[in-house]
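What follows is each chain in one-letter form.
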Amino acid sequence: MSAVTTTTPLQDLLVALVRRGWPDAEVFAKRGRSRRLELTGVTAAASFSQEQAWAVRAGHHRGSFFAAGTGEPRPAGPWPEPVGRALRLPEPVPLLAWNDPSDLDAPLLGEREGLKLLDSLGRELAAELPRARLLRAVLEDGSSESEIANSRGLKAKSRSRLATLYLETAGPGGGRSPEVTAAVYLCARDARQFHSPALARRLADRLAIAAQGDAPQRDSGEMLLAPPVAARLLAGLQPLLVGPPGALLASGLRAAAW
Amino acid sequence: MPFSALDTAAVARTLSQPEDVVDAYFERKEDVELPPEDEGAGLRVWREEGFAIRLVRAGRTWLAARDTIDGRPFAEALRQVARALPSATYPEPALHPGPAEPRPIPELLEFPGAVTRAVRNHHVGFAIRLTVRRHRRWVQVVGPRLVAGAESETFYSVAAEAAWGRYGALLPRLDAAAAEGVAAAVVALFRARQAPPPAPFQGVAVLAPAAVAVLLHEAVAHALEADLLALAGNPEAAVGVTMGAALLDVLDDPAAAPEGVRRTTDDEGAPVLRRWLLRGGVVEQPLADALWARTSPVLVPGAGRRGSRHLPPGPRSSHLELLPGAVDDADLLAQADGGLFLPAASRGSLDPLSGVLALHLPFARRIRRGGLAETVGPCVLRGRVADLLSRVTALGRAAVPAGAGWCAKGGQKLPVWATAPMLRLDGVELAPDGVPA
């Protein structure tokens with residue numbers, strides 16, 4: 001994220017909102033593009049989207065509103081009437097020096113390149129574990145630029161880049177079921193970081209365990225969590241720590257503990 | 001209608017591809033939210049519009065979507081879908097959607113107070129965080145030969161959160177009956193908050209219409225979606241298979257959905273139909289969209305739905321109907337002594353490969369001497385679809401609007417509606433929720 005001068009449309013919108021009698025105003029705009037490739041056993045789909053959206057929160061001491069939309073924001077609105085509580089907008093703070101990582105500039109994965117990755121995953125999975133197959137594979141690759149400004153002087157721009165890969169697989173089952181399934185959902189900054197042989201091995205291991213492994217008996221005691229498991233544990237606790245619903249959930253847990 | 005001024009004829013001319021499925025999908029959405037009182041800002045409004053152009057050729061789909069409705073991005077998206085060189089030029093049709101028409105929403109602002117009063121009428125009092133939303137959507141689909149009529153939907157969603165649980169509902173309107181429905185549901189959750197889960201149970205279960213709706217959605221609708229059927233083989237092979245008890249007649253009929261969400265065409269512009277999913281327990285017509293209908297003459301389009309213009313459509317249900325039986329509700333309970341009454345399900349899931357279905361119940365009631373006795377805590381009804389549906393032994397006489405919910409299959413969040421009577425299942429297994437199967 002970097003401190004910047006906001007572009008004119010955003011600044012015009014901010015000025016228009018303040019002039020309408022809403023001294024507390026903040027505007028956010030984002031543009032992005034993404035490619036999505038999906039393979040199933042019988043279908044293939046390639047999508048390309050260009051997204052453009054904005055969000056405004058504004059109000060005065062007697063109330064506020066939030067509005068968001070697609071396309072270019074229009075200073076004329078329509079805007080909802082401010083109701084409820086007043087806003088508390090963040091003040092600007094100095095930013096630490098920051099250089100964008102170089103891979104932010106890497107182009108999005110091409111359609112052929114992406115389909116090749118998904119095809120090779122299917123082949124390598126079948127090579128790792130005979131009769132294993134890819135049920136569904138979804139690869140998404142996207143990038144975006146966003147900008148925010150508010151009436152307290154905050155101005156910032158940021159860029160984002162993310163690729164995700166969802167893989168759902170089936171393999172030969174054990175005694176209980178003729179077929180077992182395993183799925184992974186991964187993310188990386190650049191889709192080119194997904195390594196199909198390693199992923200195929202990982203999924204083959206999961207399928208083999210699902211087919212042959214037994215669930216442990218009820219157990220207690222010390223356990224050592226690998227970092228990805230610890231991360232999931234912490235992610236599960238996150239709702240307790242964010243916003244008003246967190247306090248409500250935490251009070252419910254306290255009541256249950258007592 | 002925001003799309004009345006679109007030059008649909010010009011759009012249709014640009015799409016001319018006789019051997020392929022090709023269409024342009026225009027949508028406008030508006031969600032207005034009244035957040036819980038403790039969440040700072042007042043009303044929250046999301047308005048979006050855009051389009052998608054889709055080409056299906058030999059089972060492969062290409063789609064290009066934009067967050068605006070204008071001639072130039074339309075021509076650019078056409079070029080992308082056709083995978084033509086950047087130098088190729090495409091016509092830019094005149095696309096001028098009407099302006100946003102904000103509508104006053106007094107019903108949204110008044111609803112939390114109405115729910116609070118209705119809760120008090122149950123002689124209890126507790127704090128709940130209530131989020132109320134109005135959802136509006138307008139759709140216009142244009143094909144090379146056919147321009148479907150524009151469609152619109154309006155409905156509401158309510159989410160109630162408390163320290164002891166969460167309740168969500170979709171509602172066709174916000175009126176006194178809706179407020180009482182939400183209040184009764186959260187009061188029932190409140191009263192069940194300390195009930196211990198039941199021991200593993202095998203026996204009779206009577207499902208109220210709200211729980212039947214979730215059962216039908218998972219066990220019949222998802223199980224008969226052409227794309228999920230294809231995971232295990234040829235979707236048309238399902239036709240004629242006995243999937244449940246002979247008294248089960250299940251339809252998907254978007255045209256009979258509650259007023260405000262009724263449809264005459266689907267999100268691909270195909271006319272909807274009163275689709276018999278099960279007739280006498282036998283599969284008659286799986287859910288299909290244009291893509292799957294091209295794979296077999298047995299599959300009929302009309303059930304293509306889109307959660308977003310950025311994703312291709314897929315076969316989904318809209319409004320499920322279970323035709324009523326001949327048993328009074330009181331008799332259903334009287335014939336289920338020692339069983340469990342399941343008033344509502346919080347969620348359901350179906351593994352399309354194994355056919356195993358899980359229906360999660362936030363609480364249940366024991367049935368004793370034809371009446372409802374003590375409450376038991378969270379439990380789950382689990383079984384294979386065909387086995388569960390073959391255990392249906394009686395249906396109530398009165399089919400009622402059975403509530404609705406969000407379905408998020410494949411990441412496309414869509415509202416689904418249902419009309420159903422009470423239903424009795426014999427010899428089913430329920431386990432305390434949270435215990436592995």
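Residues numbered from 1 in each chain as written. Chains lettered and ligands numbered in written order. Predicted model: local features only at pLDDT ≥ 70, side-chain atom pairs only at ≥ 80, totals over all residues. Heavy atoms only, no water.

J.: How should I be thinking about the packing of helix α2 (residues 111-128) of chain A against helix α3 (residues 196-212) of chain A in this particular structure?
T.: Describing two packed helices takes the angle between their axes plus the distance from one axis to the other. Residue and element names in this part refer to chain A. Packing of α2 against α3 leaves a shortest axis separation of 8 Å and a crossing angle of 45 degrees. One way to sum up the angle between α2 and α3 is to call them oblique. You can see that α2 and α3 cross each other, and the crossing is right-handed. Residues L117, S120, L121, E124, L125 and E128 of α2 form the contact with α3, whose participating residues are S196, P197, L199, A200, R201, L203, A204 and L207. Its residues assigned to classes, the contact of α2 with α3 shows 9 nonpolar, 2 polar and 3 charged. (Axes fitted to C-alpha atoms, helices over the stretch in contact; angles between N-to-C directions. Helix = DSSP H or I, 4+ residues; strand = E, 2+ residues; numbered from the N terminus. Parallel < 35°, antiparallel > 145°, perpendicular 65-115°, else oblique. Left-handed = near helix turned anticlockwise from the far one by under 90°. Contact = heavy atoms within 4.5 Å. Nonpolar A, V, L, I, M, F, W, Y, C, P; charged D, E, K, R; others polar.)

J.: Can you help me understand the pattern of salt bridges in this one?
T.: Oppositely charged side chains are able to pair whenever their charged atoms sit close together. All names here are of chain B. Tallied over the entire structure, the rule returns 50 salt bridges over all chains. Close ionic contact of E30 with R134 constitutes a salt bridge, the shortest N to O distance being 2.8 Å. One end of the pair, E30, is in strand β1 (residues 21-34); the other, R134, is in strand β4 (residues 129-142), with 104 residues separating them in the sequence. Residue classification places R134 among the buried residues on the basis of a relative accessible area of 1%. Taking the shortest distance from any N to any O, the salt bridge between D267 and R263 comes out at 2.8 Å. (Salt bridge = Lys/Arg side-chain N within 4 Å of Asp/Glu carboxyl O. Buried < 20%, exposed > 50% of the residue type's maximum accessible area, 1.4 Å probe, protein only.)

J.: For this particular structure, what's the right way to read the packing of aromatic side chains?
T.: To describe a pair of aromatic rings, you give the distance between the ring centres and the angle between the ring planes. On inspection of all chains with the given rule, the structure shows 13 aromatic pairs over all chains. Centroid distance W22 of chain A to F65 of chain A: 5.0 Å. Interplanar angle 75 degrees. Geometry classified as edge-to-face. Taken together, the residues W22 of chain A in the loop between α1 (8-19) and β1 (24-40) and F65 of chain A in strand β3 (residues 63-70) connect sequence positions 43 residues apart. An identical accessibility class is assigned to W22 of chain A and F65 of chain A; each is buried. The structure contains a cluster of three or more aromatic residues connected by ring pairs, namely W22, W54, F65 and W79 of chain A. For R193 of chain B, the ring lying beneath its charged end belongs to F190 of chain B, and the centroid distance is 3.9 Å. The ring centre of W276 of chain B lies 3.9 Å from the NZ or CZ of R279 of chain B, which sits over that ring. (Phe/Tyr/Trp six-rings, centres within 6.5 Å; stacked < 30°, edge-to-face > 60°. Lys NZ or Arg CZ within 6 Å of the ring centre and 35° of its normal.)

J.: Any chance you could explain the nonpolar core here in plain terms?
T.: If you look at soluble globular proteins, the nonpolar side chains tend to sit buried side by side. With 51 residues, the main nonpolar core has L139, L167 and F194 of chain A together with F26 and F74 of chain B as its most contacted residues. When residues of this core are assigned to their parent elements, the largest contribution, 6 residues, is made by α3 of chain A. Counting 50 residues, the second largest nonpolar core, distinct from the first, contains A219, A221, V250 and L388 of chain B. (Core = buried A, V, L, I, M, F, W, Y, C linked by side-chain atoms within 4.5 Å.)

J.: Can you walk me through the interface of chain A and chain B in this structure?
T.: The parts lose accessible area when they come together, and the size of an interface is often stated as this lost area. On the side of chain B, 42 residues touch chain A, which itself brings 39 residues to the contact. A combined buried area of about 3,300 Å² lies between chain A and chain B, and 55% of that area is made up of carbon and sulfur atoms. Counting across the chain A and chain B interface gives 21 residue pairs in polar contact (both at pLDDT 80 or more). Counting only elements with at least two residues in the side of chain A that touches chain B, the list comes to β2 (44-60), β3, α2, β4 (133-150), β6 (179-188) and α5 (243-257) of chain A. The dominant element in the side of chain A that touches chain B, judged by the number of residues it contributes, is β2 of chain A, at 9 residues. Grouping the constituent residues of the side of chain A that touches chain B by class yields 19 nonpolar, 13 polar and 7 charged. Alignment of β2 of chain A against strand β3 (residues 60-66) of chain B, held across 7 bridges, turns out to be parallel. Bridged to S49 of chain A within β3 of chain B is A65 of chain B. (Buried area = accessible area lost by both parts, 1.4 Å probe. Polar contact = N/O pair within 3.5 Å; in protein donor to acceptor, adjacent residues only side chain to side chain. Pairing = 2+ DSSP bridges.)

J.: Help me out: how do you make sense of the confidence of the model for chain B in this one?
T.: As a general rule, the predicted coordinates of low-pLDDT regions are not to be interpreted in detail. Chain-level statistics for chain B give a pLDDT mean of 90 and a share of 96% at 70 or above. Scored as a whole, the predicted complex attains pTM 0.89, and scored at its interfaces, ipTM 0.85. (pLDDT = per-residue confidence, 0-100.)

J.: Just checking my understanding: could you explain the side chain of S64 of chain A for this structure?
T.: Residue and element names in this part refer to chain A. Of note, S64 is situated in strand β3. According to the relative accessible area criterion, S64 is buried, its value standing at 0%. A distance of 2.6 Å separates a polar side-chain atom of S64 from the backbone oxygen of R85.

J.: I keep staring at the packing of helix α3 (residues 106-120) of chain B against helix α4 (residues 176-191) of chain B and nothing clicks. Help me out?
T.: Residue and element names in this part refer to chain B. One can describe the packing of α3 onto α4 by two numbers: an axis separation of 8 Å at closest approach and a directional angle of 55 degrees. The orientation of α3 with respect to α4, classified from their angle, is oblique. Classified by chirality, the crossing of α4 by α3 is right-handed. Contacts between α3 and α4 pair F111, A114, V115, A118 and V119 from the former with A178, A179, E180, V182, A183, V186 and V187 from the latter. The class makeup of the residues in the contact of α3 with α4 is 11 nonpolar, no polar and 1 charged.

J.: Looking at this structure, I do not really get the environment of V212 of chain B. What am I missing?
T.: All names here are of chain B. In this structure, V212 sits in helix α5 (residues 209-221). Exposure remark for V212: the relative accessible area of 0% places this residue in the buried category. Sequence separation between V212 and D253 is 41 residues; the distance between their C-alpha atoms is 17 Å.

J.: Quick question: what am I supposed to make of the sheet that holds strand β8 (residues 250-252) of chain B here?
T.: Residues and elements named next belong to chain B. Taken in spatial order, the 6 strands make up an open sheet running β10-β9-β8-β13-β22-β21, and their pairing is mixed. Of all the strands in the sheet, just β10 (282-283) and β21 (400-407) have a single pairing partner and so form its edges. Where strand β13 (residues 319-322) and strand β22 (residues 414-420) come together, 3 bridges link them in parallel fashion. Across the sheet, H319 pairs through a bridge with W417, a residue of β22.

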